Structures are given as C-alpha cells and as structure tokens.
Amino acid sequence: GYWVSRFETSFLKAKPPRVITFGLVPGSHLAGKYEVVSRLGSGWEGEVYLVREIGTRIDRTVKIFFPRRNPGNRALRFYARKLHKLRHCPVVIQYHTRDTFDFNGMPVSFLVSEFVEGELLSDFLKRQSGRRVNPFQGVHLLHALALGIEAIHNVGEYHGDLHTDNVIVLRHGLGFDLKLLDMFSWGAPNAENIQHDVFDLIRIFYDALGGPRWYSRQPQEVKDICKGLKRSLIAREFRSAGQLCQHLETMEWQ
C-alpha cells in the first residue's frame, strides 16, 4: 500500500489539473507586479492578456501557459528562446522576461513581452463593409503577412498557429503594418511546418475576402492564389512564404 500510494501521489503531482481559462478580470494582479487590463486572446497553450506594470504604468503583454501544456516549464522555455531567436523579425513581438503567479494554490508561469497598440485582424474584418476586404486590400494584407512569415522561415523557424485572432493590425492604408500575437511552440521546424504556415496564410486571405460565400465571384487572380484551398495544389505552387511573396510581387491583373 505504501508504494502504491507513493506512485499515485507522484502521478497526481505530474498531471496538473486541467485549466481551460484563468478568468482574469481587469484589476487582477499578477505576481504583485502587473495589473490586468484586458484579455487579448487564447489558444491551445494558454491565454494572452494586456497588463500594466504597477511600478511604471507601462503596458505589456503576458502569455500565461495552461499548466498541462507547460510541464516543467518546457513550453515556456521553448517559446522564450524562439522569441529571442526571432527578435529581429519585424512582425514578432519582443520578449522581455518570465514570471509566475499563484492560481488556486498552484504556481503558473507566464511570459512578459512588449505591448503593441492595434486591433485583432478578426475585429478589423468585422468592421469592414460586408465583414470583408476587397481583392486589392486582400492582396496587400496577404503580402504583408507573407513577408513577415518569410522572415521567420529565413531564420529556420515557423509560426504554426496563424489565424485572424493571432494577427494584430497596427496600421493600414496602401499596405498593412502587422504583428503576430502568438506562436505555436512545439516541434522542430521542417518542410511540413513551413508548408502549414503557407496554407494558413492563404486561408486567412480567403477568409478575409469573404470565404466560401464570395469565392465564386472573386477574380481569377485571387483563385490562382487560393486554389480552392486544396492543400496539394497550394503546396505545388507555393512551397514557401518567399515563393508566395514573389508571386504577389510579379502577378498581373487582367
């Protein structure tokens, strides 16, 4: 009974309780250093909040990892190293430090990074007429995203979790100034991960133009990029974000 009890106790300690949200509300404090302003988003690994440093009143972004997704802080360390490696990529938010806070008697880790003022791409699209952009805007959006992802690929990394809730629009006009809110942190970069990023770029483009409801009415130039969202056709034409950029920069409109 003693050895079984020890094993069971160890097993329970090794499997933290399942957390699906931290439910932090404005005014909550983290580690006695940060005051929560609002929740910015959530994903498979955790949640992202806008916080304000209590001592300096400087706004920051924190990514709080779900304990089950961060055993032994492996995800946090991997993610921090990834952000440091990508610190010269213009679409990547800059990493500052790490810390922990108490959540229901359990220490939970989080990363602190710069806060950029902008709007989630999903919210930006909701404000547009018909909740979509026109092909001209869409191509410029895709080009800005592809340039940013190309810079990430060029240093031997990938994003892995591109969608409209992970892209921040800072400014837009003739083009778009963007930042990426979150990145997937598991798995070594390989051709499959690179290709997954390319497909996600085109999926964002497709959705931004109105998705399946509007696809049949899109010009042929748009269809030549989206290829009906058929992965095999996209992979044959665009093996990297760089190839996608080159296509956008040399394409001719009929």
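Everything numeric here is computed off the predicted structure, so don't read it as measured data.

Below, the discussion takes up the overall build of the protein chain. Scanning the protein chain for helices and strands turns up nine helices and nine strands. Taking all 254 residues of the protein chain together, 45% fall into the buried category. Taking as baseline every contact in the protein chain between residues at least 6 positions apart, the subset at least 24 positions apart corresponds to 61%. Per element, the accessible surface of the protein chain, about 13,300 Å² overall, is 51% carbon and sulfur. Taking the average place of the 34 positive charges on the side chains of the protein chain and the average place of its 27 negative ones, the gap between the two points comes to 5 Å.

A few words now on the pairing of strand 4 (residues 59-65). Extensive coverage of strand 4 is indicated by the burial of six of its seven residues. Direction of pairing for strand 3 (residues 46-53) relative to strand 4: antiparallel, over a ladder of seven bridges. Counted as the bridge partner of Val 48 is Lys 63 from strand 4. Between the end of strand 3 and the start of strand 4, which pair antiparallel, lie five residues, with Arg 57 showing a positive phi angle near 65°. Bridge count for strand 4 against strand 6 (residues 106-114) is five bridges, and the pairing is antiparallel. Across the sheet, residue Thr 61 finds its bridge partner in strand 6, namely Ser 113.

Before going further, it helps to examine the packing of aromatic side chains. According to the stated counting rule, one finds nine aromatic pairs in the structure shown. Ring centres of Tyr 206 and Tyr 215 lie 5.4 Å apart, and the angle between their planes is 50°; this geometry places the pair in the tilted category. Note on accessibility: Tyr 206 and Tyr 215 belong to one class, buried. Ring pairing ties together the aromatic residues Phe 22, Tyr 34, Phe 66, Phe 101, Phe 103 and Phe 110, which thus form one cluster. The side chain of Lys 63 reaches across the aromatic face of Tyr 79, ending 4.0 Å from its centre.

All chains considered together, the criterion is met by zero disulfides. Cys 245 provides the cysteine sulfur closest to Cys 226, a residue in no disulfide bond, and the two sulfurs are 15 Å apart. For Cys 245, which is in no disulfide, the shortest distance to another cysteine sulfur is to Cys 89 and amounts to 13 Å.

Another point: the pattern of salt bridges. Enumeration over the complete set of coordinates arrives at 13 salt bridges. Note that Lys 82 is salt-bridged to Glu 157, the shortest N-O span being 3.7 Å. On the criterion of sequence distance, the pair formed by Lys 82 in helix 2 (residues 74-85) and Glu 157 in the loop between helix 4 (135-154) and strand 8 (167-172) is long-range, its members being 75 residues apart. We note a salt bridge from Glu 119 to Arg 127, for which the minimum N-O separation is 2.7 Å.

Looking now at empty space enclosed by the protein. The tally for this structure, following the rule as stated, stands at four cavities of 30 Å³ or more. By volume, the largest cavity amounts to about 130 Å³. Residue lining of the largest cavity: 15 residues in total, with Tyr 79, Leu 83, Ile 93, Ser 113 and Leu 181 positioned closest to the centre. Secondary structure elements with two or more residues in the lining of the largest cavity: strand 4, helix 2 and strand 6. For the lining of the largest cavity, a count of residues per class yields eleven nonpolar, two polar and two charged. Within this model, the second largest cavity holds a volume of roughly 50 Å³. Here the residues of the lining of the second largest cavity are counted per class, giving three nonpolar, one polar and four charged.

Ranked by size, the top nonpolar core spans 51 residues in total, and within it Ile 152, Leu 201, Ile 202 and Leu 244 carry the most contacts. Looking at this core, the elements that each hand over two or more residues are helix 2, helix 3 (121-127), helix 4, strand 8, strand 9 (176-180), helix 5 (191-208), helix 7 (220-226) and helix 9 (241-250). Beyond its immediate sequence surroundings of up to four residues, Ile 202 is in contact with Leu 142, Ile 225, Cys 226, Leu 229, Ile 234, Phe 238 and Leu 244. With 17 residues, the next largest nonpolar core counts Val 19, Leu 30, Val 36 and Met 106 among its residues.

What counts and what doesn't
- Residues numbered from 1 in each chain as written.
- Predicted model: local features only at pLDDT ≥ 70, side-chain atom pairs only at ≥ 80, totals over all residues.
- Heavy atoms only, no water.
- Helix = DSSP H or I, 4+ residues; strand = E, 2+ residues; numbered from the N terminus.
- Buried < 20%, exposed > 50% of the residue type's maximum accessible area, 1.4 Å probe, protein only.
- Contact = heavy atoms within 4.5 Å.
- Areas by Shrake-Rupley, 256 points an atom, 1.4 Å probe, with all protein chains shown as cover.
- Lys, Arg positive; Asp, Glu negative; His and termini not counted.
- Charge placed at Lys NZ, Arg CZ, Asp CG, Glu CD.
- Pairing = 2+ DSSP bridges.
- Phe/Tyr/Trp six-rings, centres within 6.5 Å; stacked < 30°, edge-to-face > 60°.
- Lys NZ or Arg CZ within 6 Å of the ring centre and 35° of its normal.
- Disulfide = S-S within 2.5 Å.
- Salt bridge = Lys/Arg side-chain N within 4 Å of Asp/Glu carboxyl O.
- 1 Å grid on protein atoms, 1.4 Å probe; cavity = no way out; pocket = protein on both sides within 12 Å on 5 of 7 lines; lining within 4 Å.
- Points joined across faces, edges and corners; volume = space filled by probe spheres on them.
- Nonpolar A, V, L, I, M, F, W, Y, C, P; charged D, E, K, R; others polar.
- Core = buried A, V, L, I, M, F, W, Y, C linked by side-chain atoms within 4.5 Å.

On their own, these measurements won't tell you what the molecule is for.
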